[in-house]
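A structural walkthrough
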Amino acid sequence: VGRPRFVRNVRALIRRLAKENAGWGYRRIIGELRKLRLRVGRSSVRRILKDAGLTPSPMRRGRAGETTWRKFLRLHMNTLVACDFFTKAVVTPLGIRLAHCLVFIHLGTRKVFLSPATYHPHGKWVEQQARNVMMWLDDHQIKTRFLLRDRDTKFSSAFDHLFKNAGIRRLRTPKLAPDANAFAEAWIGSVKRECLNHFLCFSLGHLDHIANEYVHYFNTHRPHQDLGNCTLGEA
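Residues numbered from 1 in each chain as written. Predicted model: local features only at pLDDT ≥ 70, side-chain atom pairs only at ≥ 80, totals over all residues. Heavy atoms only, no water.

1. So, the overall build of the chain
For the chain, the count of helices and strands is eight helices and five strands. Secondary structure elements in the chain, listed N-terminal to C-terminal, are α-α-α-α-β-β-β-α-β-α-β-α-α. Expressed as a percentage of its 235 residues, the buried residues of the chain come to 43%. Within the chain, contacts between residues at least 6 apart in sequence are counted, and of these 59% link residues at least 24 apart. When the accessible surface of the chain is summed, it comes to about 13,800 Å², and 53% of that surface belongs to carbon and sulfur atoms. (Helix = DSSP H or I, 4+ residues; strand = E, 2+ residues; numbered from the N terminus. Buried < 20%, exposed > 50% of the residue type's maximum accessible area, 1.4 Å probe, protein only. Contact = heavy atoms within 4.5 Å. Areas by Shrake-Rupley, 256 points an atom, 1.4 Å probe, with all protein chains shown as cover.)

So, in structure tokens, the structure goes:
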């Protein structure tokens, strides 16, 4: 009697995960189950969702052949940090204002550092984020040789010099290459899709609290498909 009930509960859990998280595919659901010590195969998850009339995992682009840029990223993942800006609308008594955040992601470990939000991402603020992330890299004993960024004018020369003085070489993404900074852009897509798009923020502090909760979840509890559905603590 116990096992049939257990199987029914697992099936119900899989259906619930799929219904409440429309953007999750089979592998993501398997990763979440793995955190609960539930080992369920991909074919089983697919069959359960198909029987429930739920759509299959979202379509994903096929992997292209390895270009020179992809090869460079693959060979230097353990010493490369990518960064990028993103924005979030904040509702204030004076109207809606646009807050800016700067995210850094270490490609090898996928660990993320997120700046505090600001309405004014001027040169001094960006320079301070460079200092903050370098202290974070030291605390996590992450050896970095390269910093990848796009050509956003908010990145000041002082920002680049701080990394240069620390022995970290700045790499700018090639022109007309929207996928060149894919790791940072993918993380920004995740934090918006899985977290920020579901909330209204009413101050910079409110935005910081929500975003930092997601960063903590991402760095400790979120299963990563490219790492065998392990969390960063397990990988």
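2. Some words on the packing of helix α2 (residues 26-35) against helix α3 (residues 42-51)
For the pair α2 and α3, the least separation of the axes is 10 Å and the interaxial angle reads 110°. Considering their axes alone, α2 and α3 lie roughly perpendicular with respect to each other. Residues Tyr 26, Arg 27, Ile 29, Ile 30 and Leu 33 of α2 form the contact with α3, whose own contacting residues are Arg 42, Val 45, Arg 46 and Leu 49. Here the contact of α2 with α3 is built from residues that sort into six nonpolar, no polar and three charged. (Axes fitted to C-alpha atoms, helices over the stretch in contact; angles between N-to-C directions. Parallel < 35°, antiparallel > 145°, perpendicular 65-115°, else oblique. Nonpolar A, V, L, I, M, F, W, Y, C, P; charged D, E, K, R; others polar.)

3. Digging into unusual backbone geometry
Here the phi dihedral of Arg 110 falls at roughly 70°; this positive angle occurs in a residue that is not glycine. With respect to the secondary-structure elements, Arg 110 resides in the loop between β2 (95-106) and β3 (112-114). By relative accessible area, Arg 110 is classed as buried at 11%. Despite not being glycine, Gln 141 shows a phi value in the positive range, around 55°. Mapped onto the fold, Gln 141 is located in the loop between α5 (123-139) and β4 (146-149).

4. With respect to the pattern of salt bridges
The full count for this structure, using the stated rule, is eight salt bridges. Of the charged contacts in the structure, one is a salt bridge between Glu 32 and Arg 28, with a shortest N-O distance of 3.2 Å. Of this pair, Glu 32 and Arg 28 both sit in helix α2, separated by four residues, roughly a single helical turn. Considered together, Glu 32 and Arg 28 belong to a single accessibility category, that of buried residues. Linking Arg 149 and Asp 160 is a salt bridge whose minimum nitrogen-to-oxygen distance equals 2.8 Å. Remark: Asp 160 occurs in helix α6 (residues 157-165) and Arg 149 occurs in strand β4; sequence separation between them is eleven residues. Judged by its relative accessible area of 12%, Asp 160 is buried. (Salt bridge = Lys/Arg side-chain N within 4 Å of Asp/Glu carboxyl O.)

5. Digging into a nonpolar patch on the surface
On the surface, a cluster of nonpolar side chains totalling about 420 Å² of accessible area is made up of Val 91, Ile 96, Leu 200 and Phe 202. Structurally, Leu 200 is set in the loop between α7 (182-194) and α8 (204-220). A residue is classified by how much of its surface remains accessible, and Leu 200, at 58% relative accessible area, is exposed. (Patch = residues over 30% accessible without salt bridge, like charges linked within 9 Å, V, L, I, M, F, W, Y side chains within 5 Å.)

6. What to know about the packing of aromatic side chains
A full pass over the atoms with the stated rule returns twelve aromatic pairs. On the numbers, 6.3 Å between centres and 35° between planes, the contact of Tyr 214 with Phe 218 is tilted. Remark: Phe 218 and Tyr 214 occur in helix α8; sequence separation between them is four residues, near one turn of the helix. The class for Tyr 214 is buried, based on a relative accessible area of 5%. (Phe/Tyr/Trp six-rings, centres within 6.5 Å; stacked < 30°, edge-to-face > 60°.)

7. A few points about the sheet that holds β4
Pairing between sheet strands relies on hydrogen bonds along the backbone, with the strands arranged either parallel or antiparallel. Taking strand neighbours across the sheet as the criterion, the five strands line up as β3-β2-β1-β4-β5 in an open arrangement whose pairing is mixed. Two strands lie at the open edges of the sheet, namely β3 and β5 (169-172), each paired on one side alone. Averaged over all neighbouring strand pairs, the angle between strand axes comes to 30°, with direction disregarded. In this structure, β2 lies alongside β3, joined through three bridges in antiparallel fashion. (Pairing = 2+ DSSP bridges.)

8. Quick look at the side chain of Arg 149
Overall, the relative accessible area of 4% leaves Arg 149 in the buried class. Setting aside its immediate chain neighbours within four residues, Arg 149 contacts Cys 83, Phe 155, Phe 159, Asp 160, Arg 170, Leu 171, Arg 172 and Thr 173.

9. Quick notes on the pairing of β2
Where a strand is regular, its side chains alternate between the two sheet faces. With twelve bridges connecting them, strand β1 (residues 80-92) and β2 associate as antiparallel partners. From the neighbouring strand, Asp 84 faces β2, where its bridge partner is Val 103. In sequence, β1 turns back onto β2 through a hairpin of two residues. Between β2 and β3, which follow one another and run antiparallel, lie five residues, and Arg 110 among them has a positive phi close to 70°.

Fair warning: the whole summary comes from geometry, so function is off the table for now.
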